[in-house]
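# Observations on the three-dimensional arrangement
For reference, the chains in residue letters:
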Amino acid sequence: CTSINVPGQTLLLSIAAAPPPPLHRKKLTTGCFRDGLNQGIPRAVFLETNEAQVPQTRRYPLALTSYDGQLTAVPGIGVEMHTGPVSPTTILANQAQQAGLGRSLTLRVGIPGYLSAEAQNPRAVVDMIKALEKILGITVDSEEYTELQAKADSWEQELADEMADDFEKVEIVREYEQRVDESLQSVSGEELANDIEEFLGTLTEDTSGGADGHSQ
């Protein structure tokens, strides 16, 4: 767990990243959420990727959900009603709500389901970071992030070259491209940015109180 004070803002980011613990998950997460509340952190943002019928040649769909009624009233934020397999992230979001971190969000990025589940997807990570920049009103500027963006670009080119020789996957990509092009459900990062301005306004209202102006 790493805490970062954002320059120029009354914003403290407490970042936790770890593989899901197979045992005693509830005990561990309850303690983590309690520590966050003790630091004056009133909300959390949970991140995950999920397989979707989206081609790598189109924007990855982004979805924001919450259990909080005020947040779901903001355009672009849906009610948390995840109907897929119960993931650790879904469980954490529910436990955060019960622990008192009610004004929390879950950001899901849909990635191509035909890619290997074990393979890294740097583009999905870049898309997540871009969305977080909009959600939190911050700018990520680091050598590591620049390297990650370059890695995502080269990864996409390598993937395109590899896919060109796989007839079955080429057909899948064409089918998914047609579905996405005919649908308006794929939300881009720019569209998400426009929808999230009202949420940023709620952050400003919260931070005006002083010590409560923290986010996770």
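Residues numbered from 1 in each chain as written. Predicted model: local features only at pLDDT ≥ 70, side-chain atom pairs only at ≥ 80, totals over all residues. Heavy atoms only, no water.

### Overview of the pattern of salt bridges
Filter applied, for reference: Here, a salt bridge means any Lys or Arg side-chain nitrogen found within 4 Å of an Asp or Glu carboxyl oxygen. Only runs of H or I of at least four residues qualify as helices and only runs of E of at least two qualify as strands under DSSP, and these elements are numbered from the N terminus. Burial classes: relative accessible area under 20% of the type maximum marks a residue as buried, over 50% as exposed, and values in between as partly exposed (1.4 Å probe, protein chains only).
In this structure the tally under the stated criterion is seven salt bridges. Notably, a salt bridge pairs Arg108 with Glu80, separated by 3.3 Å at the nearest N-O pair. Within this pair, whereas Arg108 is found in strand S6 (residues 105-112), its partner Glu80 is found in the loop between strand S5 (77-79) and helix H3 (88-99), the two being separated by 28 residues in sequence. Accessibility assignment for this pair places Arg108 and Glu80 in one class, buried. Between Arg123 and Glu156 there is a salt bridge, with the nearest N and O atoms lying 3.0 Å from each other. Taken together, the residues Arg123 in helix H4 (residues 122-136) and Glu156 in helix H5 (residues 143-163) connect sequence positions 33 residues apart. Judged by its relative accessible area of 28%, Glu156 falls in the partly exposed class. One network of salt bridges, with partners in common, ties together Glu48, Glu80 and Arg108.

### Focus: the pairing of strand S4 (residues 62-66)
To be explicit about the condition: At least two bridges found by DSSP between two strands are what make those strands a pair.
Buried residues dominate S4, accounting for four of its five residues. As paired elements, S4 and S6 share four bridges and run antiparallel to each other. In the sheet register, Leu62 faces S6, and the bridge partner there is Val109. Where S4 lies against S5, three bridges are found, and the strand directions are parallel. In the strand pairing of S5, Ser66 is matched with Val79.

### Description of the packing of aromatic side chains
For clarity, the threshold we go by: In summary, the pairing rule links any two rings of Phe, Tyr or Trp, Trp by its six-membered ring, whose centres are within 6.5 Å, and it sorts them by plane angle into stacked for under 30 degrees, edge-to-face for over 60 and tilted for everything else. Note on criteria: charge over ring means Lys NZ or Arg CZ within 6 Å of the ring centre, with the direction from the centre no more than 35 degrees off the ring normal.
According to the stated counting rule, one finds one aromatic pair in the structure shown. For the ring pair Tyr114 and Tyr176, a centre distance of 6.0 Å and an interplane angle of 35° mean the geometry is tilted. Pair noted here: Tyr114 is in the loop between S6 and H4 and Tyr176 is in helix H6 (residues 167-182), with a separation of 62 residues, a long-range link. Taken individually, Tyr114 and Tyr176 each receive the classification buried, so the pair is uniform in this respect. For the cation-ring pair, Arg123 lies above Tyr60, with the distance from its terminal atom to the ring centre recorded as 3.9 Å.

### Focus: H6
As a reminder of what qualifies: To estimate how far a helix should extend, the number of its residues minus one is multiplied by 1.5 Å. The arc in question is traced by the directions running from the helix axis to the C-beta atoms.
Here H6 contains 16 residues, and its C-alpha end-to-end distance of 23 Å stays within 8% of the 22 Å for a straight helix at 1.5 Å per residue. When H6 is considered as a whole, its buried residues turn out to be Val173, Tyr176, Glu177 and Val180. One face of H6 carries all of its buried residues, which in axial projection span an arc of 110°. Projecting away from the buried face of H6 at angles above 90 degrees are the exposed residues Phe167, Glu168, Arg174 and Glu182.

### What about a negative patch on the surface?
Note the following rule: Patch construction takes residues with relative accessible area above 30% that form no salt bridge. Like charges are linked within 9 Å, and nonpolar side chains (Val, Leu, Ile, Met, Phe, Trp, Tyr) are linked within 5 Å. Areas reported here follow the Shrake-Rupley algorithm with a probe of radius 1.4 Å; residue values treat only the protein chains shown as occluding. In this count, Lys and Arg are taken as positive residues and Asp and Glu as negative ones, while His and the chain termini are left out. For the purpose of locating charges, the reference atoms are NZ of Lys, CZ of Arg, CG of Asp and CD of Glu.
Where like charges cluster on the molecular surface, the negative patch consists of Glu158, Asp161, Glu162 and Asp165. Assignment of secondary structure puts Asp165 in the loop between H5 and H6.

### Structural notes on the sheet that holds S5
Rules: For every element, the axis is a line fit to its C-alpha atoms; helices are fit only across the contacting stretch, and the angle between N-to-C directions ranges from 0 to 180 degrees. Contacts are assigned to residue pairs that have any heavy atoms within 4.5 Å of one another.
One open sheet holds the four strands; their spatial order is S3-S6-S4-S5, and the pairing between them is mixed. Each edge of the sheet is formed by a strand with only one pairing partner; in this case those strands are strand S3 (45-52) and S5. Strand-to-strand twist of the sheet, defined as the mean angle between neighbouring strand axes without regard to direction, takes the value 35°. Pairing of S3 with S6 involves eight bridges; the strand directions are parallel. In the strand pairing of S6, Phe46 is matched with Thr106. Packing against the sheet, H3 makes contact with S3 and S6, and its axis sits at approximately 150° to S3.

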